[in-house]
Amino acid sequence: MIEQVKEVCKSTWECKECHRAVAAEETVAFHLVDQVLYGWCESCFNRRAKPGSAEIAA
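Caption draft 1: Here's a closer look at the pairing of strand β4 (residues 36-40). Pairing of strand β3 (residues 29-33) with β4, which is carried by five bridges, proceeds in the antiparallel orientation. Within β4, the position partnered with Val33 by the bridge is Val36. What sits between β3 and β4 in their antiparallel hairpin is a turn of two residues, with Asp34 showing a positive phi close to 50°.

See below:
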């Protein structure tokens, strides 16, 4: 008996903030920097600075 196995190729991206590998289906946004495509994991994307808000550097 011969079984066909379908190979699934999953894309992963490096989170622009925390640098962990994020699966394509978990990536909420993308950013191209110097021809490298980064993604954002949901937690980092939600923590980013909102337009009009001031960030205080420590």
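Caption draft 2: Spatial organisation of a nonpolar patch on the surface. Judged by side-chain polarity, Phe30, Leu32 and Leu37 come together as a nonpolar surface patch covering roughly 290 Å² of accessible area. Tracing the backbone shows Leu37 in strand β4. Judged by relative accessible area, Leu37 falls into the partly exposed class, the value being 35%.

Rules of the game
Residues numbered from 1 in each chain as written. Predicted model: local features only at pLDDT ≥ 70, side-chain atom pairs only at ≥ 80, totals over all residues. Heavy atoms only, no water. Pairing = 2+ DSSP bridges. Helix = DSSP H or I, 4+ residues; strand = E, 2+ residues; numbered from the N terminus. Patch = residues over 30% accessible without salt bridge, like charges linked within 9 Å, V, L, I, M, F, W, Y side chains within 5 Å. Areas by Shrake-Rupley, 256 points an atom, 1.4 Å probe, with all protein chains shown as cover. Salt bridge = Lys/Arg side-chain N within 4 Å of Asp/Glu carboxyl O. Buried < 20%, exposed > 50% of the residue type's maximum accessible area, 1.4 Å probe, protein only.

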